[in-house]
Amino acid sequence: MQAVQQRLKAGGRAFAHIAQYHPELTAFRRDLHAHPELGFEEVYTSARVREALRHAGVDEVHEGIGRTGVVGIIHGQGRSSGSMIGLRADMDALPMAEHNDFAWKSCKSGLMHGCGHDGHTAMLVGAARYLATTRHFDGTAVLIFQPGEEGLGGARVMIEDGLFERFPVQSVYAMHNWPAMRPGTVGINSGAMMAAADRVTIEVTGRGGHGAHAYQTVDVVLVAAHIVTAVQGIVSRNVRPLESAVISLCAVQAGDLGAFSVLPGTATLVGTVRTFDPAVQEMVERRIKELCNAIALGFGATATVRYERIYPATINTESDARFAGDVAASLVGEENVDRDLEPSMGAEDFSFMLQARPGAYLRLGQGMGAGNSTLHNSRYDFNDDVLPLGAALHAGLVEQAMPLGQAQ
């Protein structure tokens with residue numbers, strides 16, 4: 001325990017308390033890692049969470065919210081403030097093969113906890129155990145174990161299932177491990193943390209034929225190639241340099257590789273758009289549609305663009321981000337908190353919760369040591385050393401947002 005505390009340079013009552021059961025949290029996390037489940041299929045994971053919450057002594061355990069979601073309720077020593085704070089952890093794994101060889105590697109072929117959601121779940125369970133034991137706060141803590149973050153919008157599903165009507169939190173917080181930051185550090189900013197993620201599907205229709213007689217066709221491969229090149233000009237020529245956007249057409253499907261002399265009649269392109277500003281998002285969508293239609297028309301083809309908004313941008317509330325940074329600084333010291341963390345062009349469905357309630361999203365440094373690679377990598381593993389710190393950070397958000405003796 002002392003070795004972990006010294007290595008992470010963390011302090012405070014919560015961290016010291018939680019570090020005592022660090023081995024149990026590690027075993028819990030590794031069990032989840034060995035049994036990964038995809039979004040809305042987290043049957044085993046949800047059961048383990050419910051069991052852990054009841055063992056911890058939380059006051060209420062609610063299941064089936066957002067299909068496989070779980071919510072734990074912990075009341076503080078006092079409740080006169082009427083305050084209610086939400087903490088969220090995601091539970092789902094990824095559809096990818098794991099190439100690690102440690103004892104807790106995935107036992108399911110083609111499934112892996114490649115993003116650390118097993119660690120996020122374990123940290124919130126650790127916070128639940130501490131908060132249910134000490135109850136050193138005035139109000140109610142709402143612990144949200146969310147399914148389906150990886151592209152399925154589990155946060156939105158929980159909200160649609162009445163999450164915030166049943167548990168009307170004043171603010172909500174979440175954190176994600178970040179291998180690019182060293183253990184014992186926390187990152188946050190007062191605005192955008194993650195980009196909006198949109199999916200674009202472009203279907204080009206022309207007239208197929210023999211490659212030797214291309215003049216008799218409307219070549220969709222040629223049209224698709226021009227579209228791939230042209231849309232890259234949207235960011236460089238339509239987005240202000242001080243704003244951000246990414247357009248990536250990531251897959252093209254046309255024809256048959258075995259039919260080298262056959263020009264196909266259709267082509268499909270699929271890609272993603274990432275933005276922070278809704279005005280930029282609107283402009284990019286409009287320009288993609290305009291360019292695709294114009295380019296296809298110029299070659300005598302037609303183009304249909306389907307633009308889907310998957311996740312909105314994850315935008316922290318300024319006051320909550322400042323507060324969360326203060327809580328982090330009380331644990332690891334101001335010198336280990338980056339309050340102006342560079343936003344990521346990745347996406348996160350906690351954005352739906354931040355659209356519904358004020359709050360903040362933090363990054364918890366975990367480093368990239370031996371056996372701990374980047375996120376969504378087949379050799380990734382969560383760094384168990386940071387479990388007590390993440391749990392203490394969750395607990396600190398509750399205790400400092402709803403302090404005893406300061407109820408209004």
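Source: prediction; values computed, not measured.

Looking at this structure, I do not really get helix H9 (residues 278-298). What am I missing?
Since there are 3.6 residues in each turn of an α-helix, residues three or four apart along the chain are aligned in direction. With 21 residues, H9 should reach 30 Å at 1.5 Å per residue; the first-to-last C-alpha distance of 30 Å fits that figure. Buried within H9 are the following residues: Val280, Gln281, Met283, Val284, Glu285, Ile288, Leu291, Cys292, Ile295 and Ala296. Turning to H9, the residues buried within the fold contact strand E8 (196-205), helix H8 (220-238), strand E10 (245-254), strand E12 (266-275) and strand E13 (302-311). For H9, the side-chain oxygen to backbone nitrogen distance between the N-cap and alanine 279 is 2.8 Å, and the N-cap itself is aspartate 277.

Explain the environment of glycine 209 here, please?
For glycine 209, the location among the structural elements is in strand E9 (residues 209-210). On the accessibility criterion, glycine 209 (26% relative accessible area) is partly exposed. Separated by 53 residues in the primary sequence, glycine 209 and valine 262 place their C-alpha atoms 6.0 Å from one another. Aside from chain neighbours lying at most four places away, what touches glycine 209 is Thr217, Ser261, Val262 and Leu263.

What exactly am I supposed to notice about the confidence of the model for the protein here?
Atomic detail in the predicted coordinates should be set aside for any region of low pLDDT. Looking at the protein as a whole, the pLDDT averages 95, with 96% of positions reaching at least 70. In this model residues 1-6 is a low-confidence stretch, pLDDT under 50, and it forms 10 contacts with partners more than four residues away in sequence or in other chains.

Could you clarify how one ought to interpret the UniProt feature "binding site: Mn(2+)" (unreviewed entry) in the protein in this entry?
According to UniProt, the positions carrying the feature "binding site: Mn(2+)" (unreviewed entry) are Cys115, His117, Glu150, His176 and His376. The greatest C-alpha distance among the annotated residues, which extend across 262 residues, is 13.1 Å, indicating that they converge on a single site. The annotated residues contributing to the lining of the largest pocket are Cys115, Glu150, His176 and His376. Its place among the elements puts histidine 176 in strand E5 (residues 171-178). Excluding residues that lie within four positions of it along the chain, histidine 176 makes contacts with Cys115, His117, His120, Glu348, Tyr361, Leu362, Arg363, Leu364 and Leu375. Topologically, histidine 376 is positioned in the loop between strand E16 (359-365) and helix H12 (387-401). With sequence-adjacent residues up to four places away left out, histidine 376 is seen in contact with Leu94, Met96, Gly114, Cys115 and Glu150.

Sorry if this is basic, but what is going on with the nonpolar core here?
Side chains of a nonpolar character, in soluble globular proteins, are inclined to be buried together. Counting residues in each nonpolar core, the largest one holds 64 residues, and the members touching the most others are Leu53, Val58, Ile74, Leu131, Leu143, Phe145 and Leu393. Considering each element in turn, this core owes the most residues, 9 residues, to helix H5 (residues 117-134). In this structure leucine 143 touches Val70, Val71, Gly72, Ile74, Leu87, Leu124 and Ala128, once residues within four positions along its chain are discounted. Counting 29 residues, the second largest nonpolar core, distinct from the first, contains Val231, Leu269, Cys292 and Val305.

Hey, could you run me through the pattern of salt bridges in this one?
Pairing between side chains of opposite charge can happen when the charged atoms of each approach one another. Taken as a whole and assessed by the stated rule, the structure comprises 25 salt bridges. For arginine 129, the salt bridge is made with glutamate 24, and the minimal N-O distance between the two is 2.8 Å. Of this pair, arginine 129 sits in helix H5 while glutamate 24 sits in helix H3 (residues 22-34), placing them 105 residues apart in sequence. One salt-bridge network, in which partners are shared between bridges, spans Arg29, Arg30, Asp118, Asp381 and Asp384.

What exactly am I supposed to notice about the UniProt feature "domain: Peptidase M20 dimerisation" (unreviewed entry) in the protein here?
According to UniProt, the positions carrying the feature "domain: Peptidase M20 dimerisation" (unreviewed entry) are residues 199-296. A distance of 20 Å separates the end C-alpha atoms of residues 199-296, which is 39% helix and 32% strand.

Help me understand the side chain of serine 351, please; the structure alone is not making it clear to me.
Here serine 351 lies in helix H11 (residues 350-356). Residue serine 351 is classed as buried on the basis of its relative accessible area of 0%. A polar contact is formed between the side chain of serine 351 and the backbone oxygen of proline 312, at a distance of 3.1 Å. Those residues in contact with serine 351 that sit more than four places away from it in its chain are Tyr311, Pro312, Ala313 and Thr314.

Just to check I follow, could you spell out the packing of H8 against H9 for this structure?
The description of two packed helices rests on the angle between their axes and on the distance between the axes. Remark: H8 packs on H9, axes separated minimally by 10 Å, with the N-to-C direction vectors making an angle of 145°. In this structure, the crossing between H8 and H9 has a hand that is right-handed. Contacts between H8 and H9 involve Val223, His226, Ile227, Ala230, Val231, Ile234 and Asn238 from the first element and Met283, Val284, Arg287, Ile288, Leu291, Cys292, Ile295 and Ala296 from the second. Among the residues forming the contact of H8 with H9, the class breakdown is 12 nonpolar, 2 polar and 1 charged.

In this structure, what is going on with the pairing of strand E2 (residues 69-75)? I would like to understand it.
For a regular strand, the rule is simple: side chains alternate between the two faces of the sheet. Along E2, 7 of the 7 residues are buried, which leaves the element largely enclosed by surrounding structure. Burial along E2 is two-sided: the residues Gly69, Val71, Ile73 and His75 and Val70, Gly72 and Ile74 are all buried. Across 5 bridges, the pairing between strand E1 (residues 60-65) and E2 is antiparallel. For valine 61, the partnering residue across the bridge sits in E2 and is glycine 72.

The rules behind these values
- Residues numbered from 1 in each chain as written.
- Predicted model: local features only at pLDDT ≥ 70, side-chain atom pairs only at ≥ 80, totals over all residues.
- Heavy atoms only, no water.
- Helix = DSSP H or I, 4+ residues; strand = E, 2+ residues; numbered from the N terminus.
- Expected span 1.5 Å × (residues − 1).
- Buried < 20%, exposed > 50% of the residue type's maximum accessible area, 1.4 Å probe, protein only.
- Contact = heavy atoms within 4.5 Å.
- Polar contact = N/O pair within 3.5 Å; in protein donor to acceptor, adjacent residues only side chain to side chain.
- pLDDT = per-residue confidence, 0-100.
- UniProt positions renumbered as here; feature names shortened; annotations may be inferred.
- 1 Å grid on protein atoms, 1.4 Å probe; cavity = no way out; pocket = protein on both sides within 12 Å on 5 of 7 lines; lining within 4 Å.
- Core = buried A, V, L, I, M, F, W, Y, C linked by side-chain atoms within 4.5 Å.
- Salt bridge = Lys/Arg side-chain N within 4 Å of Asp/Glu carboxyl O.
- Axes fitted to C-alpha atoms, helices over the stretch in contact; angles between N-to-C directions.
- Left-handed = near helix turned anticlockwise from the far one by under 90°.
- Nonpolar A, V, L, I, M, F, W, Y, C, P; charged D, E, K, R; others polar.
- Pairing = 2+ DSSP bridges.

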